[in-house]
Amino acid sequence: MSWQDKLRNVEPYQAGEQPQIKNLIKLNTNENPYDPGTKVKQAILDFDSSLLPLYPRPDADELKHSLALYHGLADDQVFIGNGSDEVLALTFLTCFNGEKPVLFPDISYSFYPVYCELYGINYHKVPLNEQLEIVKEDYYQENSGIIFPNPNAPTGLLVTSELIEDILKHNSESIVVIDEAYIDFGGESVVPLLKKYPNLLITQTFSKFRSLAGIRLGVALGNTEIISKLYDVKNSFNSYPIDSLAQVIGLASIEDSDYIHDNAKKIIETREYTKKELKALGFVMPDSYANFIFVKHPQYDAKDLFIKLRERGILVRYFDKPRIDQYLRVTIGTQKQMETFVQVIKEILSLL
Ligand SMILES: *Cc1c(COP(=O)(O)O)cnc(C)c1O
């Protein structure tokens, strides 16, 4: 057996590209177009570099406390990780340890099957219905866990708290994870359900709503038993996932939550503007509650549109996957960026 045979082969998650091209309108990875705010800026300026020789606080206690207050939870109901992708990776490892398959929608965050493959977790992709909606009865089958984003990605469709509560009631022997990466763009968090359902775990991120994809902060909110097991697994892997500077920046961001909510409001307004303009051009789309829209045109090929947009300096996300290969996922940028986007789309359609 060669050393090559001892290497692990996995099919990794493919993140949206981050090209270093000037003047590109980047609408492909759901980043927030607004800056993270003056409090974050000040925190960076005030940061004491003499802290850097020391290891950071292993569990980011101060940030944890601030997040607990923000969500009306106890400190030991909050877990913080290096981006919510890491939180999700640790969640799969910690929470999904049965024989039965873990359930998630067939069209959903494409990192979920990657974690399952990595850890050898049995999984089953539950098809969304024709309208790309989650159907609660589909989650009444036997499983070792359930996970989906709300709003779902990349459709942007939101389910009600009632639907999630129904799924929780039917699955009291599994952990149900709701990935709320986009919940602050018009949805309603299920944090209040934590009081009633000890098997609920919620993940959130600083990357989208808080304009902080660059520092990597993700969160899990849940009952103390799950959270403490998450810390055990984290501490079996990396004791210090959150660096000192990220902890300070995260705190400043929580303190600037009003400013951040105002940005989300602007993004929602621009999203509704973009939906209206694209519908007028014949595009169809699920009714997104996230900071992106998922659009297709009955007459024009999505990949072709993707290429033509890119040639004109606009980058969106195209997924060459079953059921969704005629859609484009378009992140909502500033109002001005989206006006340009609509203009360029009109130009492209007039040439086809
Ligand atoms: C962006 C995203 C994440 C990951 O966020 P990070 O905190 O940047 O790792 C998790 N889940 C979904 C559904 C996302 O779209």
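Here, every reference points to the structure presented above.
Residues numbered from 1 in each chain as written. Predicted model: local features only at pLDDT ≥ 70, side-chain atom pairs only at ≥ 80, totals over all residues. Heavy atoms only, no water.

1. Examining the sheet that holds strand β8 (residues 218-222)
Item 1. Spatial ordering of the open sheet is given by β2-β8-β7-β6-β5-β3-β4, a layout of 7 strands whose pairing is mixed. Unpaired on one side and paired on the other, β2 (78-81) and β4 (123-126) mark the two borders of the sheet. On average, each strand axis in the sheet is inclined to that of its neighbour by 20°, with strand direction left out of account.
Item 2. Across 2 bridges, strand β3 (residues 102-105) lies against strand β5 (residues 145-149) in parallel orientation. Considered in β5, the bridge of V102 is made with G145.
Item 3. Together, β5, β6 (176-179) and β7 (200-205) form the strand contacts of helix α5 (residues 161-169), whose direction differs from that of β5 by roughly 170°. (Pairing = 2+ DSSP bridges. Helix = DSSP H or I, 4+ residues; strand = E, 2+ residues; numbered from the N terminus. Axes fitted to C-alpha atoms, helices over the stretch in contact; angles between N-to-C directions. Contact = heavy atoms within 4.5 Å.)

2. As for the pairing of strand β12 (residues 328-331)
Item 1. Burial along β12 is two-sided: the residues L328 and V330 and R329 and T331 are all buried.
Item 2. Both strand β9 (residues 292-295) and β12 contribute to a ladder of 4 bridges, which runs antiparallel. Each residue of the ladder has a partner; that of I293, found in β12, is V330.
Item 3. Relative to β12, strand β11 (residues 317-318) runs antiparallel, the two being bridged by 2 bridges. Residue pairing across strands places R317 opposite R329, the latter belonging to β12. (Buried < 20%, exposed > 50% of the residue type's maximum accessible area, 1.4 Å probe, protein only.)

3. Comments concerning the sheet that holds β11
Within a sheet, adjacent strands bond to each other through the backbone by hydrogen bonds, running parallel or antiparallel.
Item 1. Strand order in the open sheet formed by 3 strands is β9-β12-β11, with antiparallel pairing between adjacent strands. Only two strands of the sheet have a single neighbouring strand rather than two, namely β9 and β11.
Item 2. This element, helix α9 (residues 302-311), spans β11 and β12 of the sheet and lies at about 40° to β12.

4. Re the packing of helix α3 (residues 84-95) against helix α6 (residues 224-234)
Item 1. Look at α3 against α6: their axes get within 9 Å of each other, and the N-to-C directions meet at 110°. It follows from the interaxial angle that α3 and α6 lie roughly perpendicular. Of the residues in α6, those touching α3 at L90, T91, L93, T94 and C95 are I226, K229, L230, V233 and K234.
Item 2. Within the contact of α3 with α6, the residues separate by chemical class into 6 nonpolar, 2 polar and 2 charged. (Parallel < 35°, antiparallel > 145°, perpendicular 65-115°, else oblique. Nonpolar A, V, L, I, M, F, W, Y, C, P; charged D, E, K, R; others polar.)

5. Quick look at the environment of S288
Item 1. Mapped onto the elements, S288 comes out in the loop between α8 (257-280) and β9.
Item 2. The exposure class assigned to S288 is buried, which follows from its relative accessible area of 0%.
Item 3. C-alpha separation for the pair S288 and N150, spaced 138 residues apart in sequence, amounts to 11 Å.
Item 4. In this structure S288 touches T155, G156, R271, E272, K275 and I293, once residues within four positions along its chain are discounted.
Item 5. Here the side chain of S288 touches A290 through a polar contact of 3.0 Å, landing on its backbone nitrogen.
Item 6. At 2.5 Å, the side chain of S288 and the backbone oxygen of F292 are in polar contact. (Polar contact = N/O pair within 3.5 Å; in protein donor to acceptor, adjacent residues only side chain to side chain.)

6. A word on unusual backbone geometry
Item 1. The residue after N150, namely P151, is reached through a cis peptide bond having omega -5°.
Item 2. Mapped onto the fold, P151 is located in the loop between β5 and α5.
Item 3. Between A153 and the following residue, P154, the backbone shows a cis peptide bond with an omega angle of 5°.
Item 4. Mapping P154 onto the fold places it in the loop between β5 and α5.
Item 5. For L132, which is not a glycine, the phi torsion comes out positive at approximately 65°.
Item 6. A positive phi angle, near 55°, is found at S211, a position not held by glycine.
Item 7. Mapped onto the fold, S211 is located in the loop between β7 and β8.

Fair warning: the whole summary comes from geometry, so function is off the table for now.
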